[in-house]
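# Inside the fold
Letter by letter, the chains look like this.
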Amino acid sequence: MENDRNYEILSAINSPKDLKTLDIKDLTILAGELRHRIVNTVSKNGGHLASSLGVVELTIALHYVFDCPDDKLIWDVGHQCYAHKLLTGRNDLFPTLRKEGGLSGFPNRNEGPYDCFNTGHAGTSISAALGFAQARDSLKEDHRVIAVIGDGSMTAGLAFEGLNHAGSLHTNLMVVLNDNKMSISHNVGALSQHLNRIITGKRYVKLRSEFVQALHTVAGDQVAQFSKRLEEAIKGVIMPGRLFEDFGYKYVGPIEGHEISYLIETFQAVREIEGPKLVHVVTTKGKGYQPAEEKAQSFHGVSPFHPSTGDLPQAKRTYTDVFAETLIELAGDDDKIVAITAAMPEGTGLSKFAKVYPDRFFDVGIAEQHATTFAAGLAAGGMHPVVAIYSTFLQRVFDQIAHDVCLMNLNVTFAVDRAGLVGEDGATHQGVFDLTYLRCIPNMVVMAPKDEEELRRMLKTAIEHPGPAALRYPRGGAVGVPLSSKIEAIPIGKAELLADGSDIAIVAIGNTVQASLEAAQRLKKDGFSVAVVNARFVKPLDEAMIEAMGKKCGLILTVEDNVLAGGFGSAVMELIESKGLPHMAVRRVGIPDIFVDHADQKRQRSLVGIDADGITATAREFLSQNPLRNSHAQTTQTAGHPSL
Ligand SMILES: Cc1ncc(C[n+]2csc(CCOP(=O)(O)OP(=O)(O)O)c2C)c(N)n1
């Protein structure tokens, strides 16, 4: 791929109106320019490449036929919206994609009226579109509403809830099913097989008519009657879109999704049909950029890469890698261990597990709630299920965790990946609520490792614990500590004192422990005596340790990569309140009551003050506000730090 290109047609498009004056030849050239612009930018900024490349013609056709922003276009997940951004006045800003202060990688209402609904999690588009359609009807407005949803996202239960409701409301709504046979990995499940049958259905349709015709010719009335019934039955199995027709939709498809003229004609015709309709469009993920077409899974979401060769950077060893390898190791000794992912075999590392234990691995599709209740059933039936889900997607599963797992105190392990601030994916993907929503549920054990060796130990601890347990670990590279050959479980609720001290106790959880150790070093240079506790458990807390350190230091500074509301620091405060512990002041470092936008992960940590700089600054302020907490602090203050 050449690096520089003159985007002659694209540069002249300031809004979708400008598209409508172009002919098919120019629209086809525009598709090439969009692809080039997307590959070029994503190769620098990282992002979701293959999905966006797959919908270039679809996006052009939708904006050509419909009149956004009056018409409402809602992208499911929204990771495929780059061409949409480029055609809706954001070409100039596109180089800022996923950068701090720049364009979001997902639809975002703050960027203007063309992004009418924020997305990032799968399966929301049909429900949201139906809400828009109903609002339009209630307000007696007149515009169209279109949801674009992938075959992967269609496996989400929420998508079916929307589909089901829309089918009964009979309002004007168009669902575009973008079928590329892929979720991030190959799509799974019966729906995916159904769609495949539709796509390859021409063969069956031909077969059906030949068969029925043959029956008519050779048979009399009775057999003809039978053949009619048979035809109906066959139709149910093989008529394209019968499933959607039964849901109350007019089904149109399957349609080749890279033929602009064909797409335009189809949308123009379907636009005029009243009621709910579903257009089934068949696309190729990664279309037009060979490396992404060949390795659609690897190019789903990428870090910066070399655009001419398509060479992806070598990934650093991550917490996810260590999790997957440890699970394989533990599964060797315990054949009750099974692993479950909700459409993220690569992201959670479980694809490695699947290679070793294919019969003990389950990809359930984008169905986090089902994954959890399925795990509950497995546990109730005597297995040791490990459910690996990103923190942000586990948000969906609160009720299943409470009602289906914790209420029965079942042995389900939750491996909560991408916990904490995640970087460029931004607000929709931050994993910053899990400590809060997990620790409030009875029976749940909640832990977070300070490094990858502790992750190994916590995974063993969780699986051996005869009830529900969650361990959460961050996105990105592990610390790089050596791994022991024998994995030792950790006693439940046991913290680790990493450094003793008497002026202030920094009590940190998970990935904030390393930064806290660094902050302690700096505070020591200031002359303070600083204790550092690796809390390990958010629930149950190591009450004895916290009480002892609180009594000794008088000041407790809690640190977490989670929202402050209801998080780890709150747990410590609740402990102090419930035990009526005297003479202890607590200050909490964590994420304030905001949604943290996209930026790189390091920068995000710095912005909310959970890195070493931030922890040091808060500790200094805390110490300065409490100079008389204990005698040692008093001596230190008067001796060396009058300015604090
Ligand atoms: C609730 C939820 N679970 C998991 C994900 C992670 N995820 C992002 S895109 C994607 C696959 C979507 O597949 P599809 O809808 O077919 O779109 P495609 O990328 O194939 O165009 C997944 C699993 C998510 N965004 N939301």
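Going by the structure above, here's the rest.
Residues numbered from 1 in each chain as written. Predicted model: local features only at pLDDT ≥ 70, side-chain atom pairs only at ≥ 80, totals over all residues. Heavy atoms only, no water.

### Observations concerning unusual backbone geometry
Put simply, the test is: What counts as a helix is a DSSP run of H or I of at least four residues, what counts as a strand is a run of E of at least two, and both are numbered from the N terminus.
With an omega of -5 degrees, the peptide bond between Gly253 and Pro254 qualifies as cis. The omega angle of the peptide bond from Lys539 to Pro540 is -5 degrees, so this bond is cis rather than trans. Its location among the elements puts Pro540 in the loop between strand 15 (537-539) and helix 23 (543-553). For Lys140, which is not a glycine, the phi torsion comes out positive at approximately 55 degrees. Among the secondary structure elements, Lys140 is positioned in the loop between helix 7 (125-138) and strand 2 (145-150). With a phi angle near 65 degrees, Lys181 is a residue other than glycine that sits in the positive phi range. Take Lys181: it is sitting in the loop between strand 3 (173-179) and helix 9 (190-199).

### Concerning the site of the ligand
Here is the rule: The rule for a residue being near a molecule or strand is that one of its heavy atoms must lie within 4 Å of it. Pairs of N or O atoms within 3.5 Å make up the polar contacts considered here, provided that, within protein, one atom can donate a hydrogen while the other can accept it, and that residues adjacent in sequence are counted only when both atoms are side-chain atoms. All accessibility values rest on the Shrake-Rupley procedure with a 1.4 Å probe; residue burial counts only the protein chains present in the view. Side-chain classes follow a simple rule in which Ala, Val, Leu, Ile, Met, Phe, Trp, Tyr, Cys and Pro form the nonpolar group, Asp, Glu, Lys and Arg form the charged group, and the remainder, Gly included, forms the polar group.
Residues in close proximity to the ligand total 23 residues, the closest being Ser51, His79, Gly152, Ser153 and Glu368. Contacts to the ligand include His79, whose side-chain N or O atom sits 2.7 Å from an oxygen atom. In the model, a nitrogen atom of the ligand is placed 2.6 Å from a nitrogen or oxygen of the Glu368 side chain. Burial of the ligand by the protein chains amounts to 98% of its free accessible area of 580 Å². For the shell around the ligand, a count of residues per class yields eight nonpolar, eleven polar and four charged.

### Side note on the sheet that holds strand 4 (residues 250-256)
This is how the line gets drawn: Strand pairing is defined by DSSP finding a minimum of two bridges between the two strands. Axes here refer to lines fitted to C-alpha atoms; in helices the fit is confined to the stretch in contact. Angles between the N-to-C directions go from 0 to 180 degrees. We call two residues in contact whenever any of their non-hydrogen atoms come within 4.5 Å of each other.
Ordered by their spatial adjacency, five strands build an open sheet running 1-2-3-5-4, and the pairing between neighbours is parallel. Looking at strand neighbours, the two that pair on one side only are strand 1 (72-75) and strand 4, the edges of this open sheet. Ignoring which end each strand starts from, the neighbouring axes of this sheet average 20 degrees apart. Relative to strand 3, strand 2 is paired through five bridges, and the arrangement is parallel. Across the sheet, the residue bridging to Gly150 is Asn178, located in strand 3. Helix-sheet contacts for helix 7 involve strand 1, strand 2 and strand 3, and the interaxial angle to strand 2 is about 175 degrees. Strand contacts of helix 13 (residues 260-271): strand 3, strand 4 and strand 5 (276-282), with the helix running at about 175 degrees to strand 4, the strand carrying the most contacts.

### Quick look at empty space enclosed by the protein
Let me state the cut-off plainly: With a 1 Å grid spanning the protein atoms alone, the term cavity applies to any set of points in which a 1.4 Å probe fits but cannot get out, the term pocket to an open set with protein on both sides within 12 Å along at least five of seven lines, and the term lining residue to any residue with an atom within 4 Å of a point. Grid points are joined across faces, edges and corners, and a volume is the space filled by probe spheres set on the points.
For the structure shown, the criterion picks out three cavities of 30 Å³ or more. Considering only enclosed or pocket space, the largest cavity measures out at about 60 Å³ in volume. Of all the secondary-structure elements, those providing two or more residues to the lining of the largest cavity are strand 2 and strand 3. Looking at side-chain class alone, the lining of the largest cavity contains five nonpolar, two polar and four charged residues.

Note that all results are geometric; they support no functional claim without further evidence.
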